[in-house]
Each structure stands twice: as C-alpha cells, then as structure tokens.
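Structural overview for review
One-letter residues, chain by chain:
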Amino acid sequence: ERMRPLTEDETRQVFEKLAKYIGSNIELLIDKPGGENYCFRLQKDRVYYVKESIMRKAISVSREKLASLGVCVGKFTHGGNFHLHVTCLDILAAYAKYKVWVKPSSEMSYLYGNHVLKAGLGRITDGTPQGQGVVVYNMG
C-alpha cells in the first residue's frame, strides 16, 4: 500500500487525539515557525509526521524499498479508532499544554502501571483540568 494523505475523517480523528495533549498548538505542528512545512501521511494504517521537503525527495524511492518516512504518530485500529504511539512523545512534549513532573519515589510505581498519587507529584502545570491529557516527566 502506498503512502497517501489522510482523508478528512482520518485527519479529524488524528487532530482530536493530538488536541487532548497539545490543544491549539496543532497549528504549530503543520506550519513551524522556521518556515519548514510538515504534513501527515498514512501507510498501512500508520500515520507519519513528515517534513514536506523530505517527502518530495522520497518520491524517487520505489514503494517496495521505502519502509517508512518521518515519525510514526500512531495507528488506526481495525475498529477505526486512532491510537497514539510512544514514538510521537518528542512531538507531544515540545507542544504540550499541560505537564506533570513525578518525584523519583513515585517514578517506578508509575512505570509499572500504577496511578500517581498526590504525594508523588513534584510539579504540575497551573490550571490543569481534571481528566486532561498530560505529558509526564521525571524530576531528574
């Protein structure tokens, strides 16, 4: 399957998921202040975040030889839902509106899948709403 632009419905799903973490900063993802434009592309149910100049150069590579291009943001499930991948964490962290810093004492507990207790929070962005998607950092 060839790499193609996202349909309107796919774009809506991806942007809604990203908006949970970065809010209105989605505009900065597409039109970066440096002047370089980025875009989202779909290949085999996976969504990639690609620099447009690199995408134009990749046209000269055959489909069979091109494994992937850009950063994998997430994938569409068989049910049609969009799930973010851990590979997009650098992108989310750069534009995240709400951030949480976890104390070293609670870090391992969180990594093993437990909730972060109030005592384990080192810092939290002011005005973070309840149930809001956040990016979790360690204090170290």
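Note that this is a predicted model, so its numbers are computed, not measured. (Residues numbered from 1 in each chain as written. Predicted model: local features only at pLDDT ≥ 70, side-chain atom pairs only at ≥ 80, totals over all residues. Heavy atoms only, no water.)

A few words now on the packing of aromatic side chains. Evaluated as defined, the whole model comprises 5 aromatic pairs. Considering the side-chain rings of F40 and Y49, the 5.3 Å spacing of their centres and the 40° angle between planes classify their relative orientation as tilted. The buried category is assigned to F40, whose relative accessible area is 9%. Ring centres 5.1 Å apart and planes at 55° place the aromatic pair F76 and F82 in the tilted group. Neither F76 nor F82 differs from the other in exposure class; each is buried. An aromatic cluster of at least three residues, connected via ring pairs, comprises F15, Y38, F40 and Y49. The ring of W101 has R123 sitting right over it, with the charged end atom 4.0 Å from the ring centre. (Phe/Tyr/Trp six-rings, centres within 6.5 Å; stacked < 30°, edge-to-face > 60°. Buried < 20%, exposed > 50% of the residue type's maximum accessible area, 1.4 Å probe, protein only. Lys NZ or Arg CZ within 6 Å of the ring centre and 35° of its normal.)

Here we come to the side chain of E10. Relative to the elements of secondary structure, E10 occurs in helix α1 (residues 8-22). The class for E10 is buried, based on a relative accessible area of 14%. Within the structure, the side chain of E10 is placed 3.0 Å from the side chain of R4, a separation counted as a polar contact. Side-chain polar atoms of E10 contact the backbone nitrogen of T7, separated by 2.9 Å. (Helix = DSSP H or I, 4+ residues; strand = E, 2+ residues; numbered from the N terminus. Polar contact = N/O pair within 3.5 Å; in protein donor to acceptor, adjacent residues only side chain to side chain.)

One open sheet holds the 3 strands; their spatial order is β7-β6-β8, and the pairing between them is mixed. Strands with a single pairing partner mark the edges of an open sheet, and in this sheet they are β7 (121-124) and β8 (135-138). Along the sheet, successive strands turn relative to each other by an average axial angle of 25°, direction set aside. As paired elements, strand β6 (residues 99-102) and β8 share 4 bridges and run parallel to each other. Following the sheet pairing, V102 is matched in β8 by N138. (Pairing = 2+ DSSP bridges. Axes fitted to C-alpha atoms, helices over the stretch in contact; angles between N-to-C directions.)

This part takes up the nonpolar core. In terms of nonpolar packing, the biggest core is built from 20 residues, with V14, L18, L29, F40 and V47 touching the most fellow members. Of all elements in the fold, only α1, α2 (26-30), β2 (38-43), β3 (46-51), β4 (71-76) and α4 (89-95) reach the threshold of two or more residues within this core. One finds M3, C39, Y48 and C72 within the second-largest nonpolar core, a separate group that totals 8 residues. (Core = buried A, V, L, I, M, F, W, Y, C linked by side-chain atoms within 4.5 Å.)

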